[in-house]
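# Observations on chain architecture
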Amino acid sequence: MANVTAEEAQKWLIDEIAQRLGVEPTEVPADQYFDELDLDSTQALIIAGEMESWLGFELGTTALWYHPTIEALAAHIAEECERRTAAA
């Protein structure tokens, strides 16, 4: 499990979402709500699974509910990585 920073997580999320939407990463605003990004549920599930593989741990099922933007989720991921690294 890597210790991922908020910036790294945000870049990863933006790159993945941009790829799924067929747009440039610069066209994916970090402060936009996930439900406004035109991702269908299948794409969102695929991204979530790939993200968990990349991180090396599973995010809680409520992570997107409590952290509904790329920016907020990236910060949560960084905090969770730091917590897990400190506990190891």
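Residues numbered from 1 in each chain as written. Predicted model: local features only at pLDDT ≥ 70, side-chain atom pairs only at ≥ 80, totals over all residues. Heavy atoms only, no water.

### Let's talk about the overall build of the chain
Applicable threshold: The helix count covers DSSP runs of H or I at least four residues long, the strand count covers runs of E at least two residues long, and both are numbered beginning at the N terminus. Summary of the burial criterion: residues with accessible area below 20% of their type's maximum are buried, those above 50% are exposed, and those between are partly exposed, where the area comes from a 1.4 Å probe applied to protein chains only. Here, two residues are considered to be in contact whenever any of their heavy atoms come within 4.5 Å of each other. For the accessible areas, the method is Shrake-Rupley and the probe is 1.4 Å, while residue cover comes only from the protein chains on display. Think of it this way: Lys and Arg go in the positive column, Asp and Glu in the negative one, and His and the chain ends go nowhere. Taken as the charge centre is NZ of Lys, CZ of Arg, CG of Asp or CD of Glu, depending on the residue.
Counting secondary structure elements, the chain contains four helices and zero strands. Each helix (α) and strand (β) of the chain, taken in turn from the N terminus, gives the series α-α-α-α. The principal-axis extent of the C-alpha atoms belonging to the chain is close to 40 × 25 × 20 Å. Counting only residues that meet the buried cut, the chain has 33% of its 88 residues in that class. Partitioning the contacts of the chain with sequence separation of at least 6, the portion at a separation of at least 24 is 67%. When the accessible surface of the chain is totalled, it reaches about 5,500 Å², and 51% of it is carbon and sulfur. The chain carries 4 positive and 18 negative side-chain charges, and their two centres are separated by 9 Å.

### Structural notes on the environment of His67
Our working rule: Think of a polar contact as two N or O atoms within 3.5 Å of one another; within protein, one of them needs to be a possible hydrogen donor and the other a possible acceptor, and neighboring residues in sequence only count if both atoms come from side chains.
Here His67 lies in the loop between helix H3 (63-66) and helix H4 (70-87). When the C-alpha atoms of His67 and Ala86 are compared, they prove to be 22 Å apart, with 19 residues separating the residues in sequence. If we skip the residues at most four places from it in the chain, His67 touches Phe34, Ala72, Leu73 and His76. In this structure the side chain of His67 is engaged in a polar contact, spanning 3.2 Å, whose partner is the side chain of His76.

### Some details on the nonpolar core
We apply this condition: By nonpolar core we mean a set of buried residues, namely Ala, Val, Leu, Ile, Met, Phe, Trp, Tyr and Cys, connected to one another through side-chain atoms within 4.5 Å.
Counting residues in hydrophobic clusters, the biggest one holds 22 residues, and the most contacted among them are Met51, Leu55, Leu59, Ile70, Leu73 and Ile77. Among the elements of the structure, helix H1 (6-21), helix H2 (41-55) and H4 are those that each provide at least two residues to this core. At six residues, H1 tops the list of elements feeding residues into this core. Discounting residues that sit within four places of it in the chain, Ile77 has contacts with Val4, Ala9, Leu13, Met51, Leu55 and Leu59.

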